[in-house]
Amino acid sequence: MREKEMRRVVGGTVRRCGRAKELLPLMLVGEASAGDEEFVRTHLHECAPCQEESERLRTLLGGLATAEVPDPGEVYWSAFLPRLRDRIADKHPHRPIRWTLPWPALSVGTAMLLMAGALVVGWQPHSNTPFQRMTEITGRARPQEIREAFEKVYPGTEASLPNDRSIQVLPSANQMQEALDVVLPADESDIYATVRALPPEAQKWFMRVSYRGAV
Amino acid sequence: MTATPDLNERDVDLVRRFQAGEDRAFDELVQAHRREIYRLAYRLLGNHADADDLTQDAFVRVYRSLARFRKESSFRTWMTRIVLNLAADRRSERTAKRQVSLEEIPLKELGVEAGPAARRFPFAERAVQRAVGLLPPRQRETLILRIFQGMKFQEIAAVMGCTVGTAKANFFHALKGLRERARV
């Protein structure tokens, strides 16, 4: 019904449907002022279309409130902090820099000396992101080796492939690197043939790595 | 859930300890907020892999910036703002690369069966989730913060850097849009 049609006088009360509709969502989430709430309640008593609207909104909000995010499970949560610490170490090797030295130039000079030393001994920086590193790693591995690496990161994964579809924890770059370092010869491989044989969550992870790496 | 004064005090204490050099205080902050942040990330991005990545990245950013956090807002407000910013970056990356969330690819195309996670989302819930995902970003974020994170409009305004009136208007339009899309 249009605003003009809905705004009519009944028993001396002006029906303010527009205002009621504006205030209704706030009232339903408990954030309307006492005066506004009183206004809406009075209006709903007198206006059937707004009452219907109120019911529809209630249903919608009720439906939203019950839509839960699936919990990734305790295995995931128990690995969360160690993975985060890995990631912090990857991205941020030290606590935030504070210039505690009296002469910042001295720090810069020290850093330059260290870098020069690192170049002399042949040190090379890691790739930019964990995902790039994982893509590089998986790009060099053979299918069987990836399976073995997964088995190492998640003991029992391979043995329970057909039934256990509940791998919840994504391995960190460091975990994968460590695992693959053990089994990795330099070789090209058919990653996706292996990926198809892995549990769904692991497949998703590989797909994700591929997206990140390939696009 | 709105942060109670007790939780706020706990956060303030943990932040103070971290800023004083106690690294373990950060772990306690993570333990206290990780589930809420994961749920927020999941609702913003719609799948586990992205939510996991975003949650981890958000805490990395917190770790990096916490020394400079000046407590002008609550820790929770500050952290939520970080998550929203990171999610916005992810969405623009996705758009730029035309990357599709794996949750949007039918499982058959991935060659896998519907697992327990898919079974936990009956069709109606997925339809609502999809409809939420189609809302304009500011409306979607407001709706998620109000309905799922239980934030008051004042806190939402602080997180999103807008007035309380704008936050309320975004919420109003989000519900309207959702009703039209979900045909409720």
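Residues numbered from 1 in each chain as written. Chains lettered and ligands numbered in written order. Predicted model: local features only at pLDDT ≥ 70, side-chain atom pairs only at ≥ 80, totals over all residues. Heavy atoms only, no water.

## Regarding the overall build of chain A
So, point 1. When helices and strands are tallied, chain A shows eleven helices and two strands.
So, point 2. Reading chain A from its N terminus to its C terminus gives the helix and strand order α-β-β-α-α-α-α-α-α-α-α-α-α.
So, point 3. Long-range pairs, those at least 24 residues apart, make up 65% of the contacts in chain A between residues at least 6 apart in sequence. (Helix = DSSP H or I, 4+ residues; strand = E, 2+ residues; numbered from the N terminus. Contact = heavy atoms within 4.5 Å.)

## Concerning the overall build of chain B
So, point 1. Helix and strand content of chain B: nine helices and zero strands.
So, point 2. When the helices and strands of chain B are read in sequence order from the N terminus, they spell out α-α-α-α-α-α-α-α-α.
So, point 3. Split into buried and exposed, the 184 residues of chain B put 52% on the buried side.
So, point 4. For chain B, the accessible surface area stands at approximately 8800 Å², while carbon and sulfur atoms represent 51% of it. (Buried < 20%, exposed > 50% of the residue type's maximum accessible area, 1.4 Å probe, protein only. Areas by Shrake-Rupley, 256 points an atom, 1.4 Å probe, with all protein chains shown as cover.)

## Description of the nonpolar core
So, point 1. Grouped together as the largest cluster of nonpolar side chains are 73 residues, with contacts concentrated most on Leu64(A), Leu84(A), Phe26(B), Leu66(B), Phe75(B) and Leu143(B).
So, point 2. Top contributing element to this core by residue count: helix H2 (residues 24–45) of chain B, with eleven residues.
So, point 3. In contact with Leu66(B), other than residues within four places in its own chain, are Val15(B), Phe18(B), Gln19(B), Leu29(B), Phe75(B) and Trp78(B). (Core = buried A, V, L, I, M, F, W, Y, C linked by side-chain atoms within 4.5 Å.)

## Looking at helix H2 (residues 17–28) of chain A
Residues and elements named next belong to chain A.
So, point 1. For H2, spanning twelve residues, the distance from its first C-alpha to its last is 16 Å, which sits close to the expected 16 Å at 1.5 Å a residue.
So, point 2. Listing the buried residues of H2 in full gives Cys17, Gly18, Ala20, Leu23, Leu24, Pro25, Leu26 and Met27.
So, point 3. The positive-phi residue at the C-terminal boundary of H2 is glycine 30, with phi of around 75°. (Expected span 1.5 Å × (residues − 1).)

## Here's the deal with the packing of helix H7 (residues 137–148) of chain B against helix H8 (residues 153–160) of chain B
Residue and element names in this part refer to chain B.
So, point 1. Two numbers describe how H7 lies on H8: the axes approach to 10 Å, and their chain directions differ by 135°. Relative to H8, the element H7 is oriented oblique. Every pair of crossing elements has a handedness; the one defined by H7 and H8 is right-handed. In contact with Arg138, Glu141, Thr142, Leu145 and Arg146 of H7, H8 contributes Phe153, Ile156, Val159 and Met160.
So, point 2. Considered class by class, the residues forming the contact of H7 with H8 number five nonpolar, one polar and three charged. (Axes fitted to C-alpha atoms, helices over the stretch in contact; angles between N-to-C directions. Parallel < 35°, antiparallel > 145°, perpendicular 65-115°, else oblique. Left-handed = near helix turned anticlockwise from the far one by under 90°. Nonpolar A, V, L, I, M, F, W, Y, C, P; charged D, E, K, R; others polar.)

## Considerations on the pattern of salt bridges
Residue and element names in this part refer to chain B.
So, point 1. Scanning all chains against the criterion turns up 26 salt bridges over all chains.
So, point 2. A salt bridge links arginine 17 to glutamate 22, with the shortest nitrogen-to-oxygen separation between them at 2.9 Å.
So, point 3. Its relative accessible area of 32% is what places glutamate 22 among the partly exposed residues.
So, point 4. Three or more residues joined by partner-sharing salt bridges are found here, namely Asp13, Arg16, Arg17, Glu22, Arg24 and Glu28. (Salt bridge = Lys/Arg side-chain N within 4 Å of Asp/Glu carboxyl O.)

## With respect to the side chain of Arg34(B)
So, point 1. With respect to the helices and strands, the residue Arg34(B) is situated in helix H2.
So, point 2. It is Glu74(A) that comes nearest to the buried, bridge-free Arg34(B) among opposite-charge side chains, at 5.4 Å.
So, point 3. Here the side chain of Arg34(B) touches Gln31(B) through a polar contact of 2.9 Å, side chain to side chain.
So, point 4. With residues near it in sequence (within four places) discarded, Arg34(B) still touches Trp77(A), Phe80(A), Thr55(B) and Phe59(B). (Lys, Arg positive; Asp, Glu negative; His and termini not counted. Polar contact = N/O pair within 3.5 Å; in protein donor to acceptor, adjacent residues only side chain to side chain.)

## Overview of the side chain of Arg43(B)
So, point 1. Along the chain, Arg43(B) falls in helix H2.
So, point 2. For Arg43(B), a relative accessible area of 19% puts it in the buried group.
So, point 3. In this structure Arg43(B) touches Ala67(A), Glu68(A), Val69(A), Ile144(B) and Phe148(B), once residues within four positions along its chain are discounted.

## Quick look at the confidence of the model for chain B
Residues and elements named next belong to chain B.
So, point 1. Considering every residue of chain B, the mean pLDDT works out to 81; 76% of them sit at 70 or more.
So, point 2. Segment residues 99–123: pLDDT under 50, and 41 contacts once partners within four positions in sequence are set aside and those in other chains are kept.
So, point 3. For this predicted complex, the interface score ipTM comes out at 0.78, while the overall pTM is 0.59. (pLDDT = per-residue confidence, 0-100.)

## Things to note about the packing of H2(A) against helix H4 (residues 48–66) of chain A
All names here are of chain A.
So, point 1. The contact between H2 and H4 brings their axes to 11 Å, and the two run at 25°. In terms of their interaxial angle, H2 and H4 are classed as roughly parallel. At the point where H2 passes H4, the crossing takes the right-handed sense. Where H2 approaches H4, its residues Cys17, Lys21, Leu24, Pro25 and Leu28 are matched on the opposing element by Cys50, Glu53, Ser54, Leu57, Arg58 and Leu61.
So, point 2. Of the residues belonging to the contact of H2 with H4, the class tally is seven nonpolar, one polar and three charged.

## Re the packing of aromatic side chains
So, point 1. Tallied over the entire structure, the rule returns 14 aromatic pairs over all chains.
So, point 2. Taking 5.6 Å as the distance between ring centres and 85° as the angle between the ring planes, the aromatic pair formed by Trp77(A) and Tyr38(B) counts as edge-to-face. Residue Trp77(A) is found in helix H5 (residues 74–91), and its partner Tyr38(B) is found in helix H2; the two belong to separate chains. Comparing Trp77(A) with Tyr38(B) shows no difference in burial state: the two are buried.
So, point 3. Looking at Arg19(A), its charged tip hangs above the ring of Phe39(A), at a distance of 5.8 Å from the centre.
So, point 4. Directly above the ring of Phe148(B) sits Arg43(B), whose terminal nitrogen or CZ lies 3.7 Å from the centroid. (Phe/Tyr/Trp six-rings, centres within 6.5 Å; stacked < 30°, edge-to-face > 60°. Lys NZ or Arg CZ within 6 Å of the ring centre and 35° of its normal.)

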